[in-house]
Amino acid sequence: MKRISTNMSNQDMQYHMRLREYRMNDLQNKMGEQKRIQRLRDDPIGAARAVQLESKIGRATQFYKNVETVQGNLRIAETYLRSAVEIVQRVRELAVQGANDTYTKQDKQFMAEEINQLLNELVEIGNARLPDGSTIFSGDRIQTIPFRSLSGRVEGASSEVITQVDYIGSLARNQAEISEQSFIETGLPGGSILWAEQQQIFGERDATNFQVLEDVSLFIDGKEIPLLAGDNISAVIAKINDAGLAVRANLDPVKNSLVLSSTVPHQLWVEDAPGGTVLQDLGIISGHGKPPHNLSKEAVVSGGSIFDMVIYLRNALYKGDTVEIGGGALKGLDNGISNLLTSLTKLGAQDERLTTVANRIDYELPELQNQYAQETGLDLTSAIMELKMLEYTHKAALQTAARILPPTLLDYLR
(Lines give C-alpha, C1' and ligand atoms only; values in the text may rest on other atoms or scores of the structure.)
Protein backbone atom coordinates (compact mmCIF):
# COMPACT_ATOMS: atom_id res chain seq x y z
CA MET A 1 0.00 0.00 0.00
CA LYS A 2 1.41 3.40 -1.04
CA ARG A 3 1.88 5.80 1.80
CA ILE A 4 0.95 9.45 1.17
CA SER A 5 2.46 11.93 3.61
CA THR A 6 0.61 15.07 4.67
CA ASN A 7 3.25 17.21 2.89
CA MET A 8 3.04 15.47 -0.48
CA SER A 9 0.07 17.43 -1.83
CA ASN A 10 1.78 20.66 -0.82
CA GLN A 11 4.97 19.71 -2.70
CA ASP A 12 3.04 18.64 -5.80
CA MET A 13 1.07 21.85 -5.81
CA GLN A 14 4.24 23.96 -5.48
CA TYR A 15 5.95 22.00 -8.26
CA HIS A 16 3.14 22.61 -10.77
CA MET A 17 2.81 26.26 -9.76
CA ARG A 18 6.56 26.81 -10.26
CA LEU A 19 6.34 25.03 -13.62
CA ARG A 20 3.54 27.35 -14.77
CA GLU A 21 5.49 30.38 -13.54
CA TYR A 22 8.51 29.21 -15.56
CA ARG A 23 6.35 28.78 -18.69
CA MET A 24 4.80 32.21 -18.21
CA ASN A 25 8.21 33.82 -17.76
CA ASP A 26 9.59 31.98 -20.80
CA LEU A 27 6.65 33.07 -22.92
CA GLN A 28 6.95 36.68 -21.76
CA ASN A 29 10.64 36.68 -22.74
CA LYS A 30 9.81 35.32 -26.17
CA MET A 31 7.12 37.96 -26.64
CA GLY A 32 9.59 40.66 -25.59
CA GLU A 33 12.19 39.53 -28.15
CA GLN A 34 9.62 38.52 -30.77
CA LYS A 35 11.43 35.19 -31.15
CA ARG A 36 10.13 31.72 -30.53
CA ILE A 37 13.64 30.21 -30.27
CA GLN A 38 15.77 31.43 -27.39
CA ARG A 39 17.66 28.23 -26.65
CA LEU A 40 18.66 25.28 -28.78
CA ARG A 41 16.33 22.98 -26.86
CA ASP A 42 13.33 25.07 -27.92
CA ASP A 43 13.72 23.72 -31.49
CA PRO A 44 17.10 22.12 -32.34
CA ILE A 45 16.39 21.77 -36.06
CA GLY A 46 14.90 25.25 -36.35
CA ALA A 47 17.82 26.73 -34.37
CA ALA A 48 20.35 25.13 -36.73
CA ARG A 49 18.47 26.49 -39.73
CA ALA A 50 18.27 29.93 -38.10
CA VAL A 51 22.04 30.00 -37.48
CA GLN A 52 22.68 29.17 -41.13
CA LEU A 53 20.33 31.91 -42.29
CA GLU A 54 21.80 34.42 -39.86
CA SER A 55 25.29 33.64 -41.11
CA LYS A 56 24.21 34.02 -44.73
CA ILE A 57 22.49 37.32 -43.98
CA GLY A 58 25.68 38.58 -42.33
CA ARG A 59 27.80 37.56 -45.34
CA ALA A 60 25.36 39.07 -47.84
CA THR A 61 25.37 42.33 -45.89
CA GLN A 62 29.17 42.42 -45.93
CA PHE A 63 29.25 41.61 -49.65
CA TYR A 64 26.93 44.54 -50.28
CA LYS A 65 29.22 46.84 -48.29
CA ASN A 66 32.22 45.55 -50.27
CA VAL A 67 30.41 46.25 -53.54
CA GLU A 68 29.55 49.77 -52.45
CA THR A 69 33.12 50.49 -51.34
CA VAL A 70 34.79 49.06 -54.45
CA GLN A 71 32.30 50.69 -56.79
CA GLY A 72 32.78 54.06 -55.12
CA ASN A 73 36.57 53.76 -55.34
CA LEU A 74 36.43 52.73 -59.00
CA ARG A 75 34.25 55.70 -59.86
CA ILE A 76 36.70 58.05 -58.15
CA ALA A 77 39.54 56.41 -60.09
CA GLU A 78 37.54 56.83 -63.29
CA THR A 79 37.24 60.56 -62.62
CA TYR A 80 41.01 60.88 -62.26
CA LEU A 81 41.63 58.84 -65.41
CA ARG A 82 39.27 61.04 -67.41
CA SER A 83 41.22 64.06 -66.20
CA ALA A 84 44.45 62.34 -67.28
CA VAL A 85 42.98 61.70 -70.75
CA GLU A 86 42.04 65.38 -71.08
CA ILE A 87 45.55 66.44 -70.04
CA VAL A 88 47.30 64.11 -72.48
CA GLN A 89 44.94 65.15 -75.28
CA ARG A 90 45.79 68.79 -74.59
CA VAL A 91 49.49 67.93 -74.61
CA ARG A 92 48.98 66.20 -77.96
CA GLU A 93 47.32 69.32 -79.37
CA LEU A 94 50.35 71.34 -78.31
CA ALA A 95 52.62 68.73 -79.90
CA VAL A 96 50.80 69.09 -83.23
CA GLN A 97 51.06 72.87 -83.03
CA GLY A 98 54.72 72.74 -82.03
CA ALA A 99 55.57 70.52 -84.98
CA ASN A 100 54.58 73.38 -87.28
CA ASP A 101 57.52 75.61 -88.28
CA THR A 102 55.26 78.67 -88.46
CA TYR A 103 55.75 79.01 -84.68
CA THR A 104 58.91 80.68 -83.42
CA LYS A 105 61.24 79.16 -80.88
CA GLN A 106 59.82 81.47 -78.22
CA ASP A 107 56.28 80.34 -79.07
CA LYS A 108 57.38 76.76 -78.59
CA GLN A 109 58.92 77.62 -75.23
CA PHE A 110 55.58 79.07 -74.17
CA MET A 111 53.98 75.76 -75.18
CA ALA A 112 56.64 73.94 -73.16
CA GLU A 113 55.73 76.02 -70.10
CA GLU A 114 52.08 74.99 -70.43
CA ILE A 115 53.04 71.35 -70.88
CA ASN A 116 55.25 71.60 -67.80
CA GLN A 117 52.26 72.71 -65.72
CA LEU A 118 50.16 69.91 -67.20
CA LEU A 119 52.95 67.46 -66.30
CA ASN A 120 52.84 68.61 -62.68
CA GLU A 121 49.09 68.03 -62.62
CA LEU A 122 49.52 64.62 -64.25
CA VAL A 123 51.93 63.61 -61.46
CA GLU A 124 49.36 64.78 -58.89
CA ILE A 125 46.74 62.60 -60.59
CA GLY A 126 49.13 59.63 -60.50
CA ASN A 127 49.56 60.13 -56.74
CA ALA A 128 45.84 60.72 -56.06
CA ARG A 129 44.29 59.28 -52.90
CA LEU A 130 40.89 57.91 -51.97
CA PRO A 131 38.84 59.42 -49.10
CA ASP A 132 40.33 56.85 -46.69
CA GLY A 133 43.87 58.04 -47.53
CA SER A 134 44.92 55.05 -49.64
CA THR A 135 46.54 55.73 -53.01
CA ILE A 136 44.66 54.80 -56.18
CA PHE A 137 47.41 53.90 -58.66
CA SER A 138 49.92 52.03 -56.47
CA GLY A 139 48.67 48.46 -56.98
CA ASP A 140 48.47 46.61 -53.67
CA ARG A 141 50.85 49.07 -51.95
CA ILE A 142 47.99 51.37 -51.08
CA GLN A 143 49.96 53.26 -48.42
CA THR A 144 52.83 54.06 -50.82
CA ILE A 145 53.09 57.12 -53.04
CA PRO A 146 53.17 55.42 -56.48
CA PHE A 147 55.14 57.99 -58.49
CA ARG A 148 58.37 59.64 -57.41
CA SER A 149 59.44 62.70 -59.41
CA LEU A 150 62.97 64.05 -59.74
CA SER A 151 63.72 67.67 -60.66
CA GLY A 152 66.62 69.28 -62.48
CA ARG A 153 67.69 71.85 -65.03
CA VAL A 154 66.60 71.53 -68.67
CA GLU A 155 67.89 73.54 -71.61
CA GLY A 156 65.51 76.39 -72.32
CA ALA A 157 63.67 76.24 -68.97
CA SER A 158 63.87 79.24 -66.64
CA SER A 159 63.84 77.12 -63.47
CA GLU A 160 64.08 73.54 -62.31
CA VAL A 161 61.46 71.23 -63.75
CA ILE A 162 60.51 67.56 -63.43
CA THR A 163 63.07 65.55 -65.36
CA GLN A 164 62.11 61.99 -64.38
CA VAL A 165 59.09 60.17 -62.93
CA ASP A 166 59.64 56.68 -61.48
CA TYR A 167 56.94 54.20 -60.52
CA ILE A 168 57.55 52.75 -57.05
CA GLY A 169 54.21 51.02 -56.51
CA SER A 170 53.55 47.43 -57.57
CA LEU A 171 51.91 45.50 -60.39
CA ALA A 172 49.89 43.34 -57.98
CA ARG A 173 46.26 44.07 -57.14
CA ASN A 174 44.21 43.53 -54.00
CA GLN A 175 40.97 41.59 -54.22
CA ALA A 176 37.57 42.07 -52.61
CA GLU A 177 34.98 39.33 -52.20
CA ILE A 178 31.64 40.46 -53.61
CA SER A 179 29.74 37.15 -53.41
CA GLU A 180 30.42 33.58 -52.34
CA GLN A 181 33.92 32.71 -53.60
CA SER A 182 33.68 35.47 -56.20
CA PHE A 183 36.30 38.23 -56.16
CA ILE A 184 36.98 41.45 -58.02
CA GLU A 185 40.33 43.16 -58.34
CA THR A 186 40.88 46.46 -56.56
CA GLY A 187 43.84 48.78 -56.65
CA LEU A 188 45.11 50.03 -59.98
CA PRO A 189 48.81 49.58 -60.87
CA GLY A 190 50.13 52.82 -62.29
CA GLY A 191 52.96 50.88 -63.93
CA SER A 192 50.46 49.62 -66.50
CA ILE A 193 47.57 52.12 -66.54
CA LEU A 194 49.79 55.19 -66.94
CA TRP A 195 52.20 53.49 -69.33
CA ALA A 196 52.52 54.47 -72.99
CA GLU A 197 54.73 52.11 -74.96
CA GLN A 198 55.56 48.44 -75.08
CA GLN A 199 58.65 47.91 -72.96
CA GLN A 200 61.59 45.85 -74.17
CA ILE A 201 64.66 44.70 -72.25
CA PHE A 202 67.64 43.62 -74.35
CA GLY A 203 70.28 41.55 -72.60
CA GLU A 204 73.83 42.21 -73.81
CA ARG A 205 75.29 38.79 -73.04
CA ASP A 206 75.59 35.96 -75.56
CA ALA A 207 73.27 33.18 -74.36
CA THR A 208 74.22 30.57 -76.99
CA ASN A 209 75.89 28.26 -74.48
CA PHE A 210 73.79 29.25 -71.46
CA GLN A 211 72.55 26.41 -69.24
CA VAL A 212 70.69 26.37 -65.93
CA LEU A 213 72.94 24.71 -63.35
CA GLU A 214 70.31 23.76 -60.76
CA ASP A 215 66.56 23.77 -60.20
CA VAL A 216 65.63 27.42 -59.66
CA SER A 217 62.86 29.88 -60.48
CA LEU A 218 62.52 33.37 -61.85
CA PHE A 219 59.68 35.85 -61.54
CA ILE A 220 58.18 37.92 -64.35
CA ASP A 221 55.37 40.35 -63.49
CA GLY A 222 54.99 38.58 -60.16
CA LYS A 223 54.47 35.08 -61.57
CA GLU A 224 56.93 32.32 -60.72
CA ILE A 225 58.44 30.40 -63.63
CA PRO A 226 60.26 27.23 -62.50
CA LEU A 227 63.36 26.09 -64.35
CA LEU A 228 65.15 22.75 -64.23
CA ALA A 229 68.83 21.98 -64.14
CA GLY A 230 70.08 21.52 -67.71
CA ASP A 231 67.57 23.91 -69.33
CA ASN A 232 69.21 25.86 -72.16
CA ILE A 233 68.20 29.30 -73.41
CA SER A 234 65.57 27.82 -75.76
CA ALA A 235 63.90 26.01 -72.85
CA VAL A 236 63.97 29.18 -70.74
CA ILE A 237 62.36 31.18 -73.57
CA ALA A 238 59.69 28.50 -74.10
CA LYS A 239 58.76 28.42 -70.41
CA ILE A 240 58.46 32.21 -70.28
CA ASN A 241 56.24 32.26 -73.37
CA ASP A 242 54.06 29.42 -72.00
CA ALA A 243 53.50 31.15 -68.64
CA GLY A 244 50.39 33.00 -69.84
CA LEU A 245 51.87 36.45 -69.26
CA ALA A 246 51.63 39.60 -71.36
CA VAL A 247 55.34 39.10 -72.08
CA ARG A 248 57.19 37.49 -74.96
CA ALA A 249 60.77 36.23 -74.84
CA ASN A 250 63.01 35.65 -77.81
CA LEU A 251 66.65 35.49 -78.82
CA ASP A 252 68.26 38.52 -80.44
CA PRO A 253 69.33 37.33 -83.93
CA VAL A 254 72.46 39.50 -83.89
CA LYS A 255 73.82 39.25 -80.36
CA ASN A 256 72.17 35.91 -79.41
CA SER A 257 71.04 37.53 -76.17
CA LEU A 258 67.73 37.24 -74.34
CA VAL A 259 65.07 39.84 -75.17
CA LEU A 260 61.93 40.38 -73.10
CA SER A 261 59.04 42.37 -74.60
CA SER A 262 55.64 43.31 -73.20
CA THR A 263 52.62 42.55 -75.37
CA VAL A 264 50.42 45.19 -73.69
CA PRO A 265 51.79 48.52 -72.45
CA HIS A 266 53.18 48.09 -68.94
CA GLN A 267 56.41 48.21 -67.02
CA LEU A 268 58.13 44.81 -66.84
CA TRP A 269 58.95 43.42 -63.40
CA VAL A 270 61.66 40.78 -63.54
CA GLU A 271 63.69 39.19 -60.77
CA ASP A 272 65.39 35.94 -59.79
CA ALA A 273 63.98 33.79 -57.01
CA PRO A 274 66.12 33.72 -53.84
CA GLY A 275 69.22 31.68 -54.56
CA GLY A 276 68.86 31.92 -58.35
CA THR A 277 70.92 34.00 -60.79
CA VAL A 278 69.42 33.10 -64.19
CA LEU A 279 68.34 36.61 -65.22
CA GLN A 280 71.47 38.05 -63.70
CA ASP A 281 73.65 35.64 -65.66
CA LEU A 282 71.77 36.58 -68.85
CA GLY A 283 72.48 40.27 -68.27
CA ILE A 284 68.86 41.28 -67.70
CA ILE A 285 69.05 42.35 -64.05
CA SER A 286 71.74 43.37 -61.61
CA GLY A 287 72.51 41.63 -58.34
CA HIS A 288 70.85 44.27 -56.18
CA GLY A 289 67.66 46.30 -55.98
CA LYS A 290 64.00 45.43 -56.36
CA PRO A 291 61.82 45.54 -59.47
CA PRO A 292 61.46 47.62 -61.51
CA HIS A 293 64.71 49.33 -60.49
CA ASN A 294 66.95 46.26 -60.60
CA LEU A 295 67.77 46.16 -64.32
CA SER A 296 71.39 45.64 -65.33
CA LYS A 297 73.37 48.64 -66.51
CA GLU A 298 74.43 46.51 -69.47
CA ALA A 299 70.82 45.92 -70.57
CA VAL A 300 69.20 48.19 -73.14
CA VAL A 301 65.69 49.26 -72.15
CA SER A 302 63.14 50.87 -74.45
CA GLY A 303 59.53 51.98 -73.96
CA GLY A 304 58.34 54.51 -71.43
CA SER A 305 55.42 55.84 -69.45
CA ILE A 306 53.06 58.67 -70.30
CA PHE A 307 55.22 60.86 -68.08
CA ASP A 308 58.28 60.02 -70.20
CA MET A 309 56.40 61.01 -73.36
CA VAL A 310 55.30 64.34 -71.89
CA ILE A 311 58.80 65.10 -70.56
CA TYR A 312 60.34 64.22 -73.93
CA LEU A 313 57.91 66.52 -75.76
CA ARG A 314 58.37 69.39 -73.30
CA ASN A 315 62.16 69.21 -73.60
CA ALA A 316 61.89 69.16 -77.41
CA LEU A 317 59.68 72.26 -77.30
CA TYR A 318 62.12 74.01 -74.98
CA LYS A 319 64.89 73.34 -77.54
CA GLY A 320 62.65 74.15 -80.50
CA ASP A 321 63.47 70.83 -82.21
CA THR A 322 60.62 70.39 -84.73
CA VAL A 323 61.71 66.88 -85.80
CA GLU A 324 61.61 65.50 -82.25
CA ILE A 325 58.32 67.24 -81.51
CA GLY A 326 56.47 65.67 -84.44
CA GLY A 327 58.22 62.30 -84.27
CA GLY A 328 58.50 59.90 -81.36
CA ALA A 329 56.77 62.19 -78.85
CA LEU A 330 53.53 62.36 -80.84
CA LYS A 331 53.40 58.61 -81.36
CA GLY A 332 54.08 57.96 -77.67
CA LEU A 333 51.24 60.30 -76.66
CA ASP A 334 48.84 58.48 -79.00
CA ASN A 335 49.81 55.17 -77.40
CA GLY A 336 49.32 56.66 -73.93
CA ILE A 337 45.85 57.96 -74.77
CA SER A 338 44.90 54.57 -76.21
CA ASN A 339 46.06 52.81 -73.05
CA LEU A 340 44.14 55.24 -70.81
CA LEU A 341 40.96 54.72 -72.83
CA THR A 342 41.42 50.95 -72.60
CA SER A 343 41.74 51.27 -68.82
CA LEU A 344 38.57 53.39 -68.68
CA THR A 345 36.74 50.70 -70.63
CA LYS A 346 37.82 48.06 -68.12
CA LEU A 347 36.68 50.25 -65.23
CA GLY A 348 33.30 50.66 -66.92
CA ALA A 349 32.98 46.89 -67.29
CA GLN A 350 33.83 46.36 -63.63
CA ASP A 351 31.29 49.00 -62.60
CA GLU A 352 28.60 47.23 -64.61
CA ARG A 353 29.44 43.93 -62.95
CA LEU A 354 29.29 45.51 -59.49
CA THR A 355 25.91 47.05 -60.29
CA THR A 356 24.59 43.63 -61.30
CA VAL A 357 25.89 42.07 -58.07
CA ALA A 358 24.38 44.87 -55.97
CA ASN A 359 20.96 44.40 -57.63
CA ARG A 360 21.10 40.66 -56.94
CA ILE A 361 21.97 41.19 -53.27
CA ASP A 362 19.19 43.80 -53.00
CA TYR A 363 16.73 41.08 -54.01
CA GLU A 364 18.37 38.24 -52.09
CA LEU A 365 18.81 39.96 -48.71
CA PRO A 366 15.08 40.66 -48.01
CA GLU A 367 14.28 37.06 -48.98
CA LEU A 368 16.85 35.72 -46.52
CA GLN A 369 15.57 38.03 -43.79
CA ASN A 370 12.01 36.86 -44.45
CA GLN A 371 13.07 33.21 -44.18
CA TYR A 372 14.89 33.97 -40.93
CA ALA A 373 11.81 35.73 -39.54
CA GLN A 374 9.60 32.78 -40.46
CA GLU A 375 12.04 30.35 -38.80
CA THR A 376 12.49 32.26 -35.55
CA GLY A 377 9.51 34.62 -35.44
CA LEU A 378 6.80 34.32 -32.81
CA ASP A 379 3.07 34.17 -33.59
CA LEU A 380 2.08 36.99 -31.27
CA THR A 381 -1.66 36.23 -31.32
CA SER A 382 -1.14 32.62 -30.29
CA ALA A 383 1.42 33.66 -27.68
CA ILE A 384 -1.00 36.15 -26.07
CA MET A 385 -3.74 33.52 -25.93
CA GLU A 386 -1.37 30.99 -24.40
CA LEU A 387 -0.14 33.50 -21.81
CA LYS A 388 -3.70 34.41 -20.83
CA MET A 389 -4.55 30.72 -20.45
CA LEU A 390 -1.49 30.19 -18.24
CA GLU A 391 -2.42 33.18 -16.11
CA TYR A 392 -6.00 31.89 -15.74
CA THR A 393 -4.95 28.36 -14.81
CA HIS A 394 -2.28 29.67 -12.44
CA LYS A 395 -4.81 31.84 -10.65
CA ALA A 396 -7.28 28.95 -10.42
CA ALA A 397 -4.55 26.68 -9.05
CA LEU A 398 -3.68 29.20 -6.35
CA GLN A 399 -7.31 29.49 -5.30
CA THR A 400 -7.72 25.71 -5.20
CA ALA A 401 -4.53 25.29 -3.20
CA ALA A 402 -5.70 27.81 -0.63
CA ARG A 403 -8.82 25.72 -0.01
CA ILE A 404 -7.57 22.13 0.03
CA LEU A 405 -4.12 22.39 1.60
CA PRO A 406 -4.03 21.22 5.28
CA PRO A 407 -4.60 23.92 7.91
CA THR A 408 -1.52 25.53 9.38
CA LEU A 409 -0.74 26.56 12.96
CA LEU A 410 -2.05 30.04 12.19
CA ASP A 411 -5.48 28.58 11.48
CA TYR A 412 -5.58 27.13 15.00
CA LEU A 413 -4.34 30.37 16.55
CA ARG A 414 -7.31 32.19 15.05
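For every chain, the first residue of the written sequence is number 1, and numbering continues from 1 onward in sequence order. Local features are withheld for residues below a pLDDT of 70 in this predicted model, meaning they are given only at 70 or higher, and side-chain atom pairs are given and counted only at 80 or more; totals for whole chains, interfaces and linings count all residues. Excluding hydrogens and water, the side-chain values take into account all heavy atoms of the structure.

Draft legend 1. Looking closely at the overall build of the protein. Every helix listed is a DSSP run of H or I at least four residues long, and every strand listed is a run of E at least two residues long, numbered separately from the N terminus. For the protein, the count of helices and strands is 11 helices and 11 strands. When burial is assessed residue by residue, the protein has 41% of its 414 residues classed as buried. It only takes one pair of heavy atoms within 4.5 Å for two residues to be counted as in contact. A sequence separation of at least 24 residues applies to 64% of the contacts in the protein between residues at least 6 apart. Counting every atom, the protein has about 22900 Å² of accessible surface; 51% of that belongs to carbon and sulfur. Burial classes: relative accessible area under 20% of the type maximum marks a residue as buried, over 50% as exposed, and values in between as partly exposed (1.4 Å probe, protein chains only). Shrake-Rupley sampling with a 1.4 Å probe provides the accessible areas, and residues are treated as covered by the protein chains on show and by no other component.

Draft legend 2. Expanded view of the sheet that holds strand 5 (residues 200–202). Strands were regarded as paired on the criterion that DSSP finds at least two bridges between them. Across the sheet, which stays open at both edges, the four strands sit in the order 8-9-5-11 with antiparallel pairing between neighbours. Two strands close off the open sheet at either side, each with one partner strand: strand 8 (247–251) and strand 11 (300–302). When strand polarity is set aside, the average angle formed by the axes of neighbouring strands in this sheet is 15°. Of the strand pairs in this sheet, strand 5 and strand 9 (residues 258–262) are connected by three bridges, and their pairing is antiparallel. Looking at strand 9, one finds that F202 is bridged to V259. Only C-alpha atoms enter the line fits that serve as axes; for helices the fit covers just the stretch in contact. Angles between N-to-C directions range over 0 to 180 degrees. Helix 5 (residues 233–241) rests against strand 8 and strand 9 of the sheet, and its axis sits at about 165° to strand 8.

Draft legend 3. How the structure looks around the sheet that holds strand 7 (residues 223–227). Spatially, the three strands line up as an open sheet ordered 7-6-10, and their pairing is antiparallel. Across the chains shown, the open sheet's two edge strands, defined by having one partner strand only, are strand 7 and strand 10 (270–272). Between one strand axis and the next, the sheet turns through 25° on average, direction left out of account. Where strand 6 (residues 216–220) lies against strand 7, five bridges are found, and the strand directions are antiparallel. Directly across from L218, in strand 7, lies its bridge partner I225. Packed onto the sheet, helix 5 meets strand 6 and strand 7 and runs at close to 150° relative to strand 7.

Draft legend 4. The arrangement of the packing of helix 3 (residues 105–126) against helix 7 (residues 306–319) in detail. Running from amino to carboxyl end, helix 3 crosses helix 7 at an angle of 160°, the nearest separation of the two axes being 7 Å. It follows from the interaxial angle that helix 3 and helix 7 lie roughly antiparallel. The chirality of how helix 3 crosses helix 7 is left-handed. Taken together, the residues of helix 7 that come into contact with helix 3 (itself represented by K105, K108, Q109, M111, A112, E113, I115, N116, L119, L122 and V123) are I306, F307, V310, I311, L313, R314, L317, Y318 and K319. Residues are grouped as follows: Ala, Val, Leu, Ile, Met, Phe, Trp, Tyr, Cys and Pro are nonpolar; Asp, Glu, Lys and Arg are charged; every other residue, Gly included, is polar. By residue class, the composition of the contact of helix 3 with helix 7 is 13 nonpolar, two polar and five charged. Angles below 35 degrees are treated as roughly parallel, those above 145 as roughly antiparallel, those between 65 and 115 as roughly perpendicular, and all remaining angles as oblique. It is the rotation of the near helix from the far one that decides the hand of a crossing: anticlockwise by less than a right angle makes it left-handed, clockwise makes it right-handed.

Draft legend 5. Highlighting the environment of I237. Of note, I237 is situated in helix 5. With relative accessibility at 12%, the residue I237 sits in the buried group. For the pair I237 and R248, spaced 11 residues apart in sequence, the C-alpha separation works out to 8.3 Å. Among all residues touching I237, those that are not within four sequence positions of it are A249, N250, L251 and L258.

Draft legend 6. Examining the nonpolar core more closely. Core analysis: the biggest nonpolar cluster contains 61 residues, and V91, I306, F307, V310, L313, L333 and L340 have the highest contact counts within it. When residues of this core are traced back to their parent elements, those giving at least two are helix 2 (44–98), helix 3, strand 2 (161–167), strand 3 (174–179), helix 7 and helix 9 (328–376). At 13 residues, the largest contribution of residues to this core is made by helix 2. Those residues in contact with L340 that lie beyond four places of it in its chain are L81, A84, V85, V88, I193, L194 and I306. Among the nonpolar cores identified, the runner-up in size contains 26 residues, and V216, I220, I237 and L268 belong to it. Throughout, nonpolar core names a set of buried Ala, Val, Leu, Ile, Met, Phe, Trp, Tyr and Cys residues whose side chains join them through atoms within 4.5 Å.

Draft legend 7. Geometry of the side chain of S262. As for its position among the elements, S262 is in strand 9. We call two N or O atoms a polar contact when they sit within 3.5 Å, provided that within protein one can donate a hydrogen and the other can accept it, with sequence-adjacent residues counted only if both atoms are side-chain atoms. A polar side-chain atom of S262 sits 2.9 Å from the main-chain amide nitrogen of Q199. There is a polar contact of 3.4 Å between the side chain of S262 and the backbone oxygen of V264. With sequence-adjacent residues up to four places away left out, S262 is seen in contact with Q198, Q199, A246, V247 and L268.

Draft legend 8. Spatial organisation of the side chain of E78. Among the secondary structure elements, E78 is positioned in helix 2. Once residues within four sequence positions are removed from consideration, E78 is found in contact with L344 and L347.

Draft legend 9. Fine view of the pattern of salt bridges. A carboxyl oxygen of Asp or Glu within 4 Å of a side-chain nitrogen of Lys or Arg is what we treat as a salt bridge. The tally for this structure, following the rule as stated, stands at 11 salt bridges. The shortest N-O distance in the salt bridge between E180 and R59 comes to 2.5 Å. Pair noted here: E180 is in the loop between strand 3 and strand 4 (182–186) and R59 is in helix 2, with a separation of 121 residues, a long-range link. Residue E180 is classed as partly exposed on the basis of its relative accessible area, which comes to 42%.

Draft legend 10. How the structure looks around helix 5. For helix 5, the full list of buried residues reads I233, V236, I237, I240 and N241. Buried residues of helix 5, viewed axially, fall in a sector of 130°; they line one side. Looking at the packing, one finds that the buried side of helix 5 touches strand 6, strand 7, strand 8 and strand 9. By arc we mean the arc of the directions from the helix axis to the C-beta atoms, nothing more.

Draft legend 11. Spotlight on the confidence of the model for the protein. A score between 0 and 100, pLDDT records how confident the predictor is in each residue. Confidence in the prediction of the protein, expressed as mean pLDDT, is 85, and 80% of residues score 70 or more. Highest mean pLDDT in the protein belongs to strand 9 (95); lowest belongs to helix 11 (residues 409–413) (53).

Draft legend 12. Seen up close, unusual backbone geometry. In the segment running from P291 into P292, the intervening peptide bond is cis, with an omega of 0°. Its identity as a non-glycine residue notwithstanding, Q181 has a phi of 55°, on the positive side. With respect to the helices and strands, Q181 occurs in the loop between strand 3 and strand 4. By relative accessible area, which is 66% here, Q181 ends up exposed. If you check the backbone angles, D221 has positive phi at about 55° while not being a glycine. Looking at where D221 falls in the secondary structure, it is placed in the loop between strand 6 and strand 7.

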